[in-house]
Amino acid sequence: MPYDSVIEFNNVSVTYDYRKVLDNISYSLENGEFNYLIGQTGAGKSSFLKLIYRDITPDSGTVRVADMEVNSLDENKVPYLRRRLGIVFQDFQLLPDRTVYENVAFALEVTGQKPSFIKQRALEVLGMVGLSHKRKNMPGDLSGGEQQRVVIARALANEPRIMLADEPTGNLDPEASASIMELLEQINNRGMSVLMVTHDYDTVKQYPYRTLKLQDGQIKEIDVKSL
C-alpha cells in the first residue's frame, strides 16, 4: 500500500444472495483527498462503507485502512480501526437524552480518556463546528443542520485520519446542506481525507471533487459534468 493512501481496496468482491454487489474492484483514497461515491440504491455503497469500518469482510481481495489490514484484523483490534475513522450518518444517531456537549463527550468517554481531556476536546470540536453556544442544548432543540454539525463534531472528537460521510446532506434543506459541505471542505483543507456517499448530484456539481460511481458491481471515476 502506498504511504500516501489511507484507504485501499485490491480486487475486492462481496456477494449477497448469490449476487456480486462488488465485483473485483480496486480503489484508493489518498491522504488529504476528498472523494464522492455515488450510485443507485442497491449498487453497493453501504457494503463499500461497511468494508472500511469492518462491519463486513470481503469474499475475496484485501482492504487496507490507515495502514491496517482490515481483512485479517483481530476482533479486539476493530475498535482501534474505528477510532481512525470519523463516521457521519444521514440520520444523525444522536443520543436524545443527552446534551450536545454530552453527545460529543460520550465518543471520548468510551475510549477511556481522562475527564480533563474530554472536556477540553469536546469544547474544542464544538468550537470547530460553530456550536459552542449550543453545548447545553438537547438535540431536539436544534435544527437538522445543527444536529448534523454535532454529528461531525462527535466524529472529529478522537482525531481520526479519515472522515466517512454517508449522505450527510440527505435530510437537509439547501441552505443547511451548503453549510455542511463548507464544513466538510474546511475539515478536508486541514488535511483530513474525506469520502462522502451521496445521491445529491447538485451538491457534487457545486462542490466538485473526484467522483466514483458504483454500478453493476464495478467502480469507475466519472466526470461530474456528465451527471
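Below or above, wherever it landed, is the structure these notes cover. Per-chain numbering applies: the sequence of each chain, read as written, is numbered from 1 onward. In view of the model being predicted, local features appear only for residues whose pLDDT reaches at least 70, and side-chain atom pairs are presented and counted only at 80 or more, with totals across whole chains, interfaces and linings using the full set of residues. By convention in this description, side-chain values take in all heavy atoms of the structure and omit both hydrogens and water.

### Some remarks on the nonpolar core
Right, on to step 1. Formed by 41 residues in total, the largest nonpolar core has its most connected members in V104, I152, M163, L184 and I187.
Right, on to step 2. Here a strand is any run of E in DSSP of at least two residues, a helix any run of H or I of at least four, and the numbering for each starts at the N terminus. Elements supplying a minimum of two residues to this core: β3 (34-38), α3 (100-109), α4 (115-128), α5 (144-156), β7 (162-166), α6 (174-189) and β8 (193-197). Joining through side-chain atoms within 4.5 Å is the link that ties buried Ala, Val, Leu, Ile, Met, Phe, Trp, Tyr and Cys residues into a set, and such a set is a nonpolar core. Burial classes: relative accessible area under 20% of the type maximum marks a residue as buried, over 50% as exposed, and values in between as partly exposed (1.4 Å probe, protein chains only).

### With respect to the environment of G140
Right, on to step 1. Mapped onto the elements of the fold, G140 is located in the loop between α4 and α5.
Right, on to step 2. Remark: the alpha-carbon pair of G140 and A165, spanning 25 residues in sequence, is separated by 22 Å.

### Section: the pairing of β3
Right, on to step 1. Across the 5 residues of β3, 5 count as buried, placing the element largely inside the fold.
Right, on to step 2. Here β3 shows two buried faces, one formed by F34, Y36 and I38 and the other by N35 and L37.
Right, on to step 3. As defined by bridge partners, β3 adjoins β8 across 4 bridges and the pair is classed as parallel. Residue N35 lies in a different strand from β8, and its bridge partner there is L195. The pairing criterion is simple: DSSP has to find at least two bridges between the two strands.

### So, the pattern of salt bridges
Right, on to step 1. Should a side-chain nitrogen of Lys or Arg be within 4 Å of a carboxyl oxygen of Asp or Glu, the pair is scored as a salt bridge. Considering all chains together, one arrives at 8 salt bridges under this definition.
Right, on to step 2. A salt bridge links R54 to E75; the shortest N-O distance between them is 2.7 Å. Here the residue R54 occupies a position in the loop between α1 (45-52) and β4 (60-65), and E75 occupies one in the loop between β5 (68-69) and α2 (78-83), the gap between them amounting to 21 residues.
Right, on to step 3. Salt bridges sharing partners connect three or more residues here, namely E33, R210 and E221.

### Some remarks on α6
Right, on to step 1. To estimate how far a helix should extend, the number of its residues minus one is multiplied by 1.5 Å. Over its 16 residues, α6 runs 22 Å from end to end, which matches the ideal 22 Å to within 8%, given 1.5 Å per residue.
Right, on to step 2. Residues of α6 that are buried: A176, S177, S179, I180, M181, L183, L184, E185, I187 and N188.
Right, on to step 3. Working rule for contacts: check all heavy atoms of both residues, and any pair within 4.5 Å makes them a contact. Where α6 is buried, its residues meet β3, α4, α5, β7, β8 and α7 (201-206).
Right, on to step 4. Capping of α6 at its N-terminal end is provided by D173; its side-chain oxygen lies 3.1 Å from the backbone amide nitrogen of E175.
Right, on to step 5. Phi turns positive, to about 110°, at G191, one or two residues after α6. N or O atoms within 3.5 Å of each other form a polar contact, as long as, within protein, one can give a hydrogen and the other can take it, and as long as residues adjacent in sequence are counted only when both atoms are side-chain atoms.

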